[in-house]
Amino acid sequence: MTNHNDHISKQTFMDELYRYKKGSVTRRHFLNVTGLGAATAVMGAAVPGLLPKPAFAAGDIGDRVILATWPNYHDPANFEAFTEATGAHVQVNVFGSNEEMLAKLQAGGSGWDVYVPTNYTITTYVSEDLIEPLDVSRLPNYDPSAFDPRYAEAGSVDGKLYAVPKNWGTTGYAVNTSHTGGHKMTSWKDFWDMTMDSLSGRTMVHDYQLTTIGNALKYFGYSFNSVDEKELADAEKLLIDSKPHLFAISSDYQPSMRSGDAWMTMCWTGDGKQLNTDIPEIEYVLGVEGGELWSDYYAIPKGAPHMDAAYALINFMLDPNVNAKEVLAHGYPSADAHTNALLPEELLNDPILYPAQDLLNALEFGAAVTLTDPNRAELMARFKSA
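Below you will find a few notes about this structure. Since the model is a prediction, treat every value here as computed from it, not as a measurement.

1. A look at the overall build of the protein
Item 1. A count of helices and strands for the protein gives 18 helices and 12 strands.
Item 2. A total of 386 residues make up the protein; the buried ones form 52% of that total.
Item 3. Taken as a whole, the protein presents about 15500 Å² of accessible surface, with 53% of it coming from carbon and sulfur.

Structural data, given as structure tokens:
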């Protein structure tokens, strides 16, 4: 009976969460309907390391913490629990690419306290002095030995820790199989060919050069990270040819896939999992040619205005109990063994979250050069304005 209720409440919760995220219901409605208003107090009390209250008396760390992160990437209930425990409200700024994040920090005055950079960008943040080295004594929940090194090592540069792992994932595409005429999609060749054929007008690509150019390069069997001029020219021709067939260029693609306006989109692991859970005919595909494997991190930008709150939030999010709730909500795999020990078996065996080794082996981590390569930036600008 409990399972039945859990199942119903989980579905209701996801539906209401989606409505709340999209702004169609108020926060008050969301908290009342989902019972989170009452639950946050209970959760706050259940999370180790936060209580007794005096450790973080309301106001001790200020009344807010500003987090810059990606779409559909957190469990709002965890932020409510953090506020309940500390008195600091989590203000979320969403962005769609690492370039956008870098540009905001380079411009100065972002006002962010915590941000979520991807593995390949951290050396650039360090060389441009835009990131704070982390004081591990202020992160008691951080246990380096619990993390798979593949998804943790980019957080350290020259032996100094600048960022701690959030989670990892892949970049593939999501396709609504009710529109593919029975054709089994397996490759980036399929993705681009179908975009210009039976899925014309219904495909979305990221507003993000790394993945959009990278996955065009995969069509030709080139490296996802190529900055070779001839290879980029081939990718550009493919992108320009496909442009009239696209529904949109956006990194926030879930609403269009859910409404049925879009039938296929470049997609990150967690979005693929969320879409597939709610609409099973939407499948997540990792192109057989390869593509991107990535890991994201929590970091503090240089001169963050609410430094105490920044450390408190990162430490809170690293708590395995909190992180397990995150994974259940966003569907991105965690690299933390303590968190994985709390997750249900079916999630740890999910082929979207943990793809077969042969598909995983073909993937590449993003390369630092792609973030600052002018040819890639100019190519993306030409593609968007075409």
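Still to come is the rest of the account.
2. Description of the packing of aromatic side chains
Item 1. Within the structure shown, the criterion is met by 21 aromatic pairs.
Item 2. Ring geometry for F95 and W112: centres 6.3 Å apart, planes at 25°, overall stacked. Pair noted here: F95 is in the loop between β2 (89–94) and α5 (98–107) and W112 is in the loop between α5 and β3 (114–115), with a separation of 17 residues, a long-range link.
Item 3. By relative accessible area, F95 is classed as buried at 4%.
Item 4. Considering the side-chain rings of Y115 and Y125, the 5.2 Å spacing of their centres and the 80° angle between planes classify their relative orientation as edge-to-face.

3. A closer look at the nonpolar core
Item 1. Core analysis: the biggest nonpolar cluster contains 80 residues, and F82, Y115 and V164 have the highest contact counts within it.
Item 2. Ranked by residue count, the leading element in this core is helix α12 (residues 307–318), at nine residues.
Item 3. M185, A216, L232 and L239 belong to the second largest nonpolar core, which has 25 residues in total.

4. What about empty space enclosed by the protein?
Item 1. If you walk through the whole model with that rule in mind, you get three cavities of 30 Å³ or more.
Item 2. W70, P71, Y73, N98, T118, Y208, W268, D271, E292, W294, D296 and Y332 together form the lining of the largest cavity.
Item 3. Examining the composition of the lining of the largest cavity, we find that three residues originate from one element, strand β11 (residues 291–299), more than from any other.
Item 4. For the lining of the largest cavity, the residue count by class is seven nonpolar, two polar and three charged.

5. Side note on the packing of helix α9 (residues 229–242) against helix α18 (residues 374–385)
Item 1. α18 packs onto α9 with a crossing angle of 15° between their chain directions and a minimal axis gap of 10 Å. As the angle between them shows, α9 and α18 are arranged roughly parallel. Seen along the crossing, α9 lies across α18 with a hand that is right-handed. Across from E229, L232, E236, L239 and I240 in α9, the residues of α18 making contact are N375, R376, L379, R382 and F383.
Item 2. Of the residues in the contact of α9 with α18, the class split is five nonpolar, one polar and four charged.

6. Description of the pattern of salt bridges
Item 1. Counting across every chain of the model gives 14 salt bridges.
Item 2. For R258, the salt bridge is made with D278, and the minimal N-O distance between the two is 2.9 Å. One end of the pair, R258, is in helix α10 (residues 254–259); the other, D278, is in helix α11 (residues 269–278), with 20 residues separating them in the sequence.
Item 3. One salt bridge connects K273 with D350, and the closest N-O pair in it is separated by 2.5 Å. One end of the pair, K273, is in helix α11; the other, D350, is in the loop between α15 (345–348) and α16 (357–361), and 77 residues separate them in sequence.
Item 4. Judged by its relative accessible area of 15%, K273 falls in the buried class.

7. Some points on unusual backbone geometry
Item 1. Non-glycine residue D129 carries a positive phi angle of around 55°.
Item 2. On the accessibility criterion, D129 (47% relative accessible area) is partly exposed.

8. Overview of the packing of helix α8 (residues 209–219) against α9
Item 1. Following both chains from N to C, one finds α8 and α9 inclined at 100°, their axes separated by 9 Å at the closest point. Judged by the angle between their axes, α8 and α9 are roughly perpendicular. Two secondary-structure elements touch here, α8 through T212, I213, A216, L217 and Y219 and α9 through E231, L232, A235, L238 and L239.
Item 2. Here the residues of the contact of α8 with α9 sort into eight nonpolar, one polar and one charged.

9. Describing α12
Item 1. Look at α12: 17 Å from first C-alpha to last across 12 residues, which is about the 16 Å you get at 1.5 Å a residue.
Item 2. Extensive coverage of α12 is indicated by the burial of 10 of its 12 residues.
Item 3. Looking at α12, one finds that the buried residues are A309, A310, Y311, A312, L313, I314, N315, F316, M317 and L318.

What counts, and where the lines are drawn
Going along each chain's sequence as written, the residues are numbered from 1 onward. Since the coordinates come from a predicted model, pLDDT governs what is reported: local features require at least 70, and pairs of side-chain atoms require 80 or more to be given and counted, while whole-chain, interface and lining totals use all residues. Side-chain calculation: all heavy atoms of the structure are included, whereas hydrogens and water are not. Here a strand is any run of E in DSSP of at least two residues, a helix any run of H or I of at least four, and the numbering for each starts at the N terminus. Only protein chains enter the calculation, and the probe is 1.4 Å; a residue is then buried if its accessible area is under 20% of its type maximum, exposed if over 50%, and partly exposed in between. Note on areas: these come from Shrake-Rupley sampling with a 1.4 Å probe, and a residue is covered only by the protein chains present in the view. Aromatic rings from Phe, Tyr and Trp, taking only the six-membered ring of Trp, are treated as a pair when their centres fall within 6.5 Å; an angle between ring planes under 30 degrees marks them as stacked, one over 60 as edge-to-face, and anything in between as tilted. In plain words, nonpolar cores are sets of buried Ala, Val, Leu, Ile, Met, Phe, Trp, Tyr and Cys residues tied together by side-chain atoms within 4.5 Å. Using protein atoms alone on a 1 Å grid, points that fit a 1.4 Å probe yet trap it form a cavity, whereas open point sets bounded by protein on both sides within 12 Å along at least five of seven lines form a pocket; residues with an atom within 4 Å of a point count as lining. Grid points are joined across faces, edges and corners, and a volume is the space filled by probe spheres set on the points. Amino acid classes used here: Ala, Val, Leu, Ile, Met, Phe, Trp, Tyr, Cys and Pro are nonpolar; Asp, Glu, Lys and Arg are charged; the rest, including Gly, are polar. Only the stretch in contact is used when fitting a helix axis, every axis being a line fitted to C-alpha atoms; angles between N-to-C directions are given from 0 to 180 degrees. Any angle that is under 35 degrees is reported as roughly parallel, and any over 145 degrees as roughly antiparallel; angles of 65 to 115 degrees are reported as roughly perpendicular and all others as oblique. The crossing is said to be left-handed when, going from far helix to near helix, the turn is anticlockwise and less than a right angle, and right-handed when the turn is clockwise. Here a residue-residue contact requires only that any non-hydrogen atoms of the pair lie within 4.5 Å. A pairing counts as a salt bridge when a side-chain nitrogen of Lys or Arg comes within 4 Å of a carboxyl oxygen of Asp or Glu. To estimate the expected span of a helix, subtract one from its residue number and multiply by 1.5 Å.

Worth remembering: the numbers are spatial, not functional.
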